[in-house]
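# Analysis of the macromolecular model
In case you want the letters, here they are:
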Amino acid sequence: MTLRAIAPILALVALTTLSACGFRPLYATAGDDYQTAANMAQVKVALINDRVGQLTRNALLETLTPRGQSSNPLYDLSVTLTESTSEQGFTKDNEATIADYLIDADYQLVRRSDSKVLRNGTVRARTSYNIVDSDFASIEAEDAARRDAARNLAQQLANQVAIGLRSQ
């Protein structure tokens, strides 16, 4: 039997296995009255300190509430960020040429009605940037890394919110 003949059989077995284990697509609505996007719009995101916190919160709001925040949210999301930079690549003169920018976020999703914690944990975003001879170029590269990490972190947080809301 060739691989072409076996592939459809394997796909069918994989699909039946997924349905048997209780797998549900996170954003699916067919056959289910749960609306992930509608529930995500009911989350109030607390202010996050510092510039990277503003970038993260803005990206998170764009993902969770693209039509604007609810006037009467059902859930609260609080996030605390920790930033760090570590130099990685070095020249013979011991000057750094590459740096890693890391953001760790501790989050907590709470239902307002009964103060039940639906999900909490830590997520991390990491980006790298080049350190060059031009101070301006290095500062711009670091700012770009900060923005990229904030967007990445916001997407991870949105995924965690969706999981928390889906599993309540």
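Use the structure listed above.
Everything numeric in this text was worked out from a predicted model, so none of it was measured.

Cut-off values and rules
- Residues numbered from 1 in each chain as written.
- Predicted model: local features only at pLDDT ≥ 70, side-chain atom pairs only at ≥ 80, totals over all residues.
- Heavy atoms only, no water.
- Pairing = 2+ DSSP bridges.
- Helix = DSSP H or I, 4+ residues; strand = E, 2+ residues; numbered from the N terminus.
- 1 Å grid on protein atoms, 1.4 Å probe; cavity = no way out; pocket = protein on both sides within 12 Å on 5 of 7 lines; lining within 4 Å.
- Points joined across faces, edges and corners; volume = space filled by probe spheres on them.
- Nonpolar A, V, L, I, M, F, W, Y, C, P; charged D, E, K, R; others polar.
- Core = buried A, V, L, I, M, F, W, Y, C linked by side-chain atoms within 4.5 Å.
- Buried < 20%, exposed > 50% of the residue type's maximum accessible area, 1.4 Å probe, protein only.
- Contact = heavy atoms within 4.5 Å.
- Axes fitted to C-alpha atoms, helices over the stretch in contact; angles between N-to-C directions.
- Expected span 1.5 Å × (residues − 1).
- Parallel < 35°, antiparallel > 145°, perpendicular 65-115°, else oblique.
- Left-handed = near helix turned anticlockwise from the far one by under 90°.

## Points about the pairing of strand β2 (residues 75-90)
- Here strand β1 (residues 43-45) runs beside β2; their pairing, made up of three bridges, is parallel. Pairing of Lys 44 across the sheet is with Asp 76, part of β2.
- Alignment of β2 against strand β3 (residues 96-111), held across 15 bridges, turns out to be antiparallel. Counted as the bridge partner of Leu 77 is Leu 109 from β3.
- Between the antiparallel neighbours β2 and β3 lie five residues, among them Asn 94 with a positive phi of about 65°.

## Side note on the layout of surface pockets
- By volume, the largest pocket amounts to about 150 Å³.
- Lining the largest pocket we find Ala 37, Met 40, Ala 41, Thr 63, Leu 64, Thr 65, Pro 66, Arg 67 and Gly 68.
- Contributing elements (two or more residues each) for the lining of the largest pocket: α2 (36-40) and α3 (50-64).
- The residue makeup of the lining of the largest pocket, split by class, is five nonpolar, three polar and one charged.

## What about the nonpolar core?
- Val 43 and Leu 77 are the most contacted members of the largest nonpolar core, which totals 34 residues.
- Elements supplying a minimum of two residues to this core: β1, α3, β2, β3, β4 (117-130) and α4 (135-166).
- Top contributing element to this core by residue count: α4, with 10 residues.
- Sequence-distant contacts of Leu 77, defined by excluding residues within four places in its chain, comprise Val 43, Lys 44, Val 45, Ala 46, Leu 60, Tyr 107, Gln 108, Leu 109 and Val 161.

## Topic: the sheet that holds β3
- A sheet is described by the order of its strands in space; here four strands give the open sequence β1-β2-β3-β4, paired in mixed fashion. What marks the edges here is a single partner per strand, and that holds for β1 and β4. On average, each strand axis in the sheet is inclined to that of its neighbour by 25°, with strand direction left out of account.
- Across the sheet, α3 touches β1, β2 and β3, and the angle it forms with β2 is around 125°.
- With respect to the sheet, α4 is in contact with β1, β2, β3 and β4, its orientation differing from that of β4 by roughly 155°.

## Here we look at the environment of Thr 56
- Relative to the elements of secondary structure, Thr 56 occurs in helix α3.
- Spatially, the C-alpha atom of Thr 56 lies 5.4 Å from that of Ala 154, the residues being 98 residues apart in sequence.
- The contact partners of Thr 56, leaving out residues within four places of it in the chain, are Leu 81, Ala 150, Leu 153, Ala 154 and Leu 157.

## Let's talk about α3
- For α3, which comprises 15 residues, the first-to-last C-alpha distance of 21 Å matches the rise-based estimate of 21 Å (1.5 Å per residue) to within 8%.
- Every buried residue of α3 is listed here: Val 52, Gly 53, Leu 55, Thr 56, Arg 57, Ala 59, Leu 60, Leu 61 and Leu 64.

## So, the packing of α3 against α4
- Closest axis-to-axis distance for the α3/α4 pair is 8 Å, and the angle between their directions is 45°. One element, α3, and the other, α4, form an angle in the oblique class. Where α3 crosses over α4, the handedness of that crossing is right-handed. Residues Val 52, Leu 55, Thr 56, Ala 59, Leu 60, Thr 63 and Leu 64 of α3 lie in contact with α4, whose contacting residues are Arg 146, Arg 147, Ala 150, Arg 151, Leu 153, Ala 154, Gln 155, Leu 157, Ala 158 and Val 161.
- Its residues placed into classes, the contact of α3 with α4 shows 11 nonpolar, three polar and three charged.

Read these as layout, nothing more, since geometry by itself doesn't imply function.
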